[in-house]
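One-letter residues, chain by chain:
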Amino acid sequence: MAGEDLRDILFLCALQNAVKHGGVPQAGAVVGMVMSAHPEFRPRAKEVAALAKEAISAVAAISSDNRVAQLQARAPEMYDAIYAKHEHRKVLPDLEFAEQGVVMRFAPNPSGPLHIGHARAAVLNDAYVKQYGGRYILRIEDTDPKRVDPDAYELVKEDIAWMGLGITETVTQSERLPLYYNLCRQLIEKGGAYVCTCDNEHFKELKQAKTACPCRDKSVGQNLSLWEKMLDHTFKEGEATVRIKTDLLHPDPAMRDFPAFRILDSPPHPKVQAHVYPLMNFSVVADDHLLGVTHVIRGKDHIANTRRQRYIYDHFGWKVPVYRHYGRMGIEGVVLSTSQMRRGINEGTYTGWDDIRLGTLRALARRGISPDAVRNAVLAIGIGDTDISFSWDNLYAENKKIVDPVANRYFFVPDPVTAQVAGAQPHTAHAMLHPGDPSAGTRTLAFEGTVLLPGREITPEVTMVRLKDLFNVKIAWNGNIPTFSYAGESLPEARAAKAPIIQWLPAQDSVNCTLLTQEGGISGACEPAVKQELGRVVQFERVGFVKIDTVGNDGVKAYFTHK
Ligand code: GLU
């Protein structure tokens, strides 16, 4: 095979890996992909490794949006393969009326970045579109200016890209106000809505008493002119509301003539100048209808809205989509409330939207959780209507399946103590980068007499340790003062002496490393080679998986991912 072909294969593998994992791949991963698909290149391992680096640089130079486009154009089967494993995992129950394809949507409010709760709606709808084929609409629901954070438009987009959703089109509701106004006019003409100018408190009392307000019986003509007065600013904020005619005798007062449009002048909307805004139930129905949405998967907290929305469908004579309402999901251990997060960020309690104590997707990403793990964990939860609490353990188990086969292993020594080992010759330890994958190679640690050992392992009852991949060390105690001496290389001897096998670092060749967990930081040291793993998840042996977050002059900062 010509060099050009090999270059091409490597480029496409690197590109597929980057699209799938949302970052630039490691050379080892790309080489591994090529070698397993094309064993004929195995004898040319050196050349393949060198060309892999070129391919990775070429991919790194492409923006992430363009990566998807290029992969789809040049190797559509490789793009599809990224999702193939989900399609074959039929974890979700069938949807009725879906065989001909579906149109579904994910409809977040741009009030902050997305969190695990959003991921459930986003991934379930996405999975169904992938299962049945069809369109997947991202609908930005920004018609409540009180709940819009101008930065969130971008944050939401980034979070969606991270999740790898198969969005086919995006609409933003604030750009569609004329459509809603037009439908409102039609609904008034049909007698399905009216303009209510009652004082809010007064309306509430009437509603509780199952009594119509005086506005309900106005003629269509009167209502149309009142509607115009809402739009032309004759009515000011709070002076008029459009209400949907429902059932005043409905046992649930919240169903009775609920509001569909209101006037709001402050805060101003960051994207449009408007005086009249649709409320959620109206804009959701309008768009589900106009965009041809066939199936809606959303939380049980929307059941009352589904009931309200049905009135609007009935007035218009529109077909109602198929709904599924999944149960509530409690998420413990992280902060999820957008206002609480924002306050904490402003006050300096949190470092930003990706502070690892938050439940945002970007916080998970920062900790080294892969989008596929989030996806698989959410799919495993499914669309059942039982209320559950989110299992972090399941998420971690899913993530481990992804990172364990590829994460390089390193030594991290927490709270290090310095130990001079008497009687040992200089020695080079070769430790495997990955115990399950010899092709990943080894790392070398040069012993020159003095090592760093984990402080909490060196306690007076410990009289022998084995430094992993090196040799055994005897510890003699004089009161609280240990002395260390060489005790041979025999692993069986170490085992017989029940010597703990511990991590160590050459004192002359280590870097400071702070390991940050949700509970706080652990200071220590790690192998210098960790500096080359910036942005990746590695395993600190016996500690767990960690994501290398920052590499600077003062050392390495890593986030704890999970055991
Ligand atoms: N924007 C609504 C929300 O985030 C979703 C509306 C819906 O799913 O119908 O709660």
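Residues numbered from 1 in each chain as written. Predicted model: local features only at pLDDT ≥ 70, side-chain atom pairs only at ≥ 80, totals over all residues. Heavy atoms only, no water.

(A) A look at the overall build of the protein chain. Scanning the protein chain from terminus to terminus reveals 17 helices and 27 strands. On the principal axes, the C-alpha backbone points of the protein chain span a range of 100 × 65 × 40 Å. Taking all 563 residues of the protein chain together, the buried fraction comes to 50%. A fraction of 68% describes how many contacts in the protein chain between residues 6 or more apart in sequence connect residues 24 or more apart. When the accessible area of the protein chain is evaluated, it comes to approximately 25,600 Å², of which 51% is carbon and sulfur surface. Taking the average location of the 65 positive side-chain charges in the protein chain and that of its 66 negative ones, the two points are 3 Å from each other. (Helix = DSSP H or I, 4+ residues; strand = E, 2+ residues; numbered from the N terminus. Buried < 20%, exposed > 50% of the residue type's maximum accessible area, 1.4 Å probe, protein only. Contact = heavy atoms within 4.5 Å. Areas by Shrake-Rupley, 256 points an atom, 1.4 Å probe, with all protein chains shown as cover. Lys, Arg positive; Asp, Glu negative; His and termini not counted. Charge placed at Lys NZ, Arg CZ, Asp CG, Glu CD.)

(B) Examining the environment of Thr 483 more closely. Residue position: Thr 483 is located in strand 20 (residues 481-486). Those residues in contact with Thr 483, other than ones at most four positions away along the chain, are Lys 474, Ile 475 and Ala 476.

(C) Here's a closer look at the site of the ligand. In the vicinity of the ligand, the contacting residues are Arg 105, Ala 107, Asn 109, Glu 141, Val 284, Arg 298 and His 302. Note that a nitrogen atom of the ligand is positioned 2.6 Å from one of the side-chain N or O atoms of Asn 109. Within the side chain of His 302, a nitrogen or oxygen atom sits 3.1 Å from an oxygen atom of the ligand. Starting from 300 Å² of accessible surface for the ligand in isolation, the protein chains cover 80%. Here the residues of the shell around the ligand are counted per class, giving two nonpolar, two polar and three charged. (Near = heavy atom within 4 Å. Polar contact = N/O pair within 3.5 Å; in protein donor to acceptor, adjacent residues only side chain to side chain. Nonpolar A, V, L, I, M, F, W, Y, C, P; charged D, E, K, R; others polar.)

(D) Fine view of the side chain of Arg 409. Within the secondary structure layout, Arg 409 lies in strand 12 (residues 409-410). Of note is the side chain of Arg 409, whose polar atom sits 2.8 Å from the side chain of Gln 539.

(E) Summary view of the sheet that holds strand 26 (residues 544-552). Strands sit in the order 12-25-26-27-23-24-13 across an open sheet of seven strands; the sheet is mixed. Bordering the open sheet on either side are strand 12 and strand 13 (412-414), each of which pairs with just one other strand. Of the pairings in the sheet, the one linking strand 26 to strand 27 (residues 555-562) comprises seven bridges and is antiparallel in character. Looking across to strand 27, one finds that Thr 550 is bridged to Lys 557. Taken strand by strand, helix 16 (residues 392-403) contacts strand 25 (537-540), strand 26 and strand 27, and its axis lies near 125° from that of strand 27. (Pairing = 2+ DSSP bridges. Axes fitted to C-alpha atoms, helices over the stretch in contact; angles between N-to-C directions.)

(F) Representation of helix 15 (residues 371-381) in the model. Across the 11 residues of helix 15, nine count as buried, placing the element largely inside the fold. Among the residues of helix 15, Pro 371, Asp 372, Ala 373, Val 374, Arg 375, Asn 376, Ala 377, Val 378 and Leu 379 are the ones counted as buried. You can read the cap of helix 15 off the contacts: a side-chain oxygen lies 3.1 Å from the backbone nitrogen of Asp 372, and it is on Ser 370. Gly 382 sits one or two positions beyond helix 15 and adopts a positive phi of about 75°.

(G) Structural detail: the packing of aromatic side chains. Under the criterion given, the structure shown has 13 aromatic pairs. For the ring pair Tyr 128 and Tyr 132, a centre distance of 6.2 Å and an interplane angle of 15° mean the geometry is stacked. Of this pair, Tyr 128 and Tyr 132 both sit in helix 6 (residues 116-132), separated by four residues, roughly a single helical turn. Take Tyr 128: its relative accessible area is 0%, and that puts it in the buried class. Residue class for Tyr 132 comes out buried when judged on its relative accessible area of 17%. (Phe/Tyr/Trp six-rings, centres within 6.5 Å; stacked < 30°, edge-to-face > 60°.)

(H) Looking closely at the pairing of strand 6 (residues 259-263). With four of its five residues buried, strand 6 lies for the most part within the structure. As judged from the three bridges shared by strand 5 (residues 241-244) and strand 6, these two strands associate in the antiparallel manner. Bridge pairing links Val 242 to Phe 261 in strand 6.

(I) Summary view of the pairing of strand 14 (residues 416-422). Note: strand 14 against strand 17 (residues 450-454), five bridges, orientation antiparallel. Its bridge partner being in strand 17, Pro 416 is matched across the sheet by Pro 454. Bridge count between strand 14 and strand 20: two bridges; the pairing is parallel. Looking at the pairing, Val 421 lines up with Phe 484 of strand 20.

(J) Quick look at the pattern of salt bridges. For the coordinates displayed, the defined rule picks out 31 salt bridges. Here Arg 324 and Glu 96 are joined by a salt bridge, their closest N and O atoms 3.0 Å apart. Highlighted residues: Arg 324 in strand 9 (residues 322-326) and Glu 96 in the loop between helix 5 (76-88) and strand 1 (102-106), separated in sequence by 228 residues. Across the pair Glu 201 and Lys 204 runs a salt bridge, and its minimum N-O distance is 4.0 Å. Separated by three residues within a single helix, Glu 201 and Lys 204 lie in helix 9 (residues 200-208), roughly one turn from each other. Linked through salt bridges whose partners overlap, the residues forming this network are Arg 443, Lys 468, Asp 469, Glu 527 and Glu 541. (Salt bridge = Lys/Arg side-chain N within 4 Å of Asp/Glu carboxyl O.)

(K) The packing of helix 15 against helix 16, seen in detail. Packing of helix 15 against helix 16 leaves a shortest axis separation of 8 Å and a crossing angle of 135°. Put simply, helix 15 runs oblique to helix 16. Read as a crossing pair, helix 15 and helix 16 show a hand that is right-handed. Touching Asp 372, Ala 373, Val 374, Asn 376 and Ala 377 of helix 15 are Leu 395, Glu 398, Asn 399 and Ile 402, all from helix 16. Grouping the amino acids of the contact of helix 15 with helix 16 by side-chain chemistry returns five nonpolar, two polar and two charged. (Parallel < 35°, antiparallel > 145°, perpendicular 65-115°, else oblique. Left-handed = near helix turned anticlockwise from the far one by under 90°.)

(L) The arrangement of unusual backbone geometry in detail. With an omega of -5°, the peptide bond running from Ser 266 to Pro 267 counts as cis. With respect to the helices, strands and loops of the structure, Pro 267 is situated in the loop between strand 6 and strand 7 (276-278). A positive phi is found at Lys 498, a non-glycine position, where the angle reads about 55°. Assignment of secondary structure puts Lys 498 in the loop between helix 17 (491-496) and strand 21 (501-502). Its identity as a non-glycine residue notwithstanding, Arg 542 has a phi of 70°, on the positive side.

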